[in-house]
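For reference, the chains in residue letters:
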Amino acid sequence: MATTSDQIQFIGPYAGQKNPGANSSAAFALVTNGGDEAINIIGWSSPTVPMVMPMYFGLDQNEVWSMIDVPSRIVNVSPGVPTLFAPGYLHIMLMNLQSELPESFDLVFTIKTESGTTFDKTVTFETVEWNHLIRQSVPSKPVL
Ligand SMILES: [Cu+2]
């Protein structure tokens with residue numbers, strides 16, 4: 001059965017920039033799967049952001065927030081098991097941005113799944129201050 005964009009929800013989406021005006025941003029959300037089958041996301045892109053990819057985001061040995069590559073690029077979203085993009089775990093890296101993030105913005109993700117489906121998902125992100133963002137360990141809007 002083909003995966004549809006309605007099957008995946010991004011809950012409490014927020015994003016931040018370490019250096020305002022920089023051309024990269026970290027985006028977070030709790031991603032749920034309302035369908036019956038697990039979805040393996042193998043590709044992320046966007047018509048408006050030149051580069052979008054999942055990466056780990058955690059403190060290194062020097063207590064500095066650092067990005068760690070996810071070489072496979074695979075993110076699994078299983079029914080009943082939300083996938084968390086949050087500081088200390090995964091984030092969606094937005095790169096080569098043309099401008100500073102507005103207070104709120106819509107982002108279209110083109111998501112490709114391992115089962116061969118590709119669909120667009122529009123997500124509305126709120127921009128939060130970096131120092132506030134990194135203290136958050138859960139999505140800004142609790143669910144479940
Ligand atoms: Cu990043």
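Residues numbered from 1 in each chain as written. Predicted model: local features only at pLDDT ≥ 70, side-chain atom pairs only at ≥ 80, totals over all residues.

Draft legend 1. Quick look at the overall build of the protein chain. A count of helices and strands for the protein chain gives one helix and 10 strands. Going from the N terminus to the C terminus, the protein chain shows its helices and strands as β-β-β-β-β-β-β-β-β-β-α. In terms of overall dimensions, the protein chain has C-alpha extents of about 45 × 30 × 30 Å along its principal axes. In the protein chain, which comprises 144 residues, the share counted as buried stands at 28%. Across the protein chain, contacts joining residues at least 24 apart in sequence account for 69% of those joining residues at least 6 apart. (Helix = DSSP H or I, 4+ residues; strand = E, 2+ residues; numbered from the N terminus. Buried ≥ 20, exposed ≤ 12 C-beta atoms within 10 Å, placed from the backbone. Contact = placed C-beta atoms within 7 Å.)

Draft legend 2. Focus on the environment of leucine 84. Residue position: leucine 84 is located in strand 7 (residues 83–85). The exposure class assigned to leucine 84 is partly exposed, which follows from the 15 C-beta atoms found within 10 Å. Expressed as a C-alpha distance, the spacing of leucine 84 and phenylalanine 10, which sit 74 residues apart in the sequence, is 9.8 Å. The residues touching leucine 84, leaving out its near neighbours within four places in the chain, are Leu30, Tyr89 and Leu90.

Draft legend 3. Spotlight on unusual backbone geometry. For arginine 73, which is not a glycine, the phi torsion comes out positive at approximately 65 degrees. Along the chain, arginine 73 turns up in the loop between strand 5 (65–69) and strand 6 (75–77). For asparagine 96, which is not a glycine, the phi torsion comes out positive at approximately 60 degrees. Note that asparagine 96 resides in the loop between strand 8 (90–95) and strand 9 (104–113). Overall, asparagine 96 belongs to the exposed group, with 10 C-beta atoms counted inside 10 Å.

Everything listed is a geometric property; what it means functionally is a separate question.
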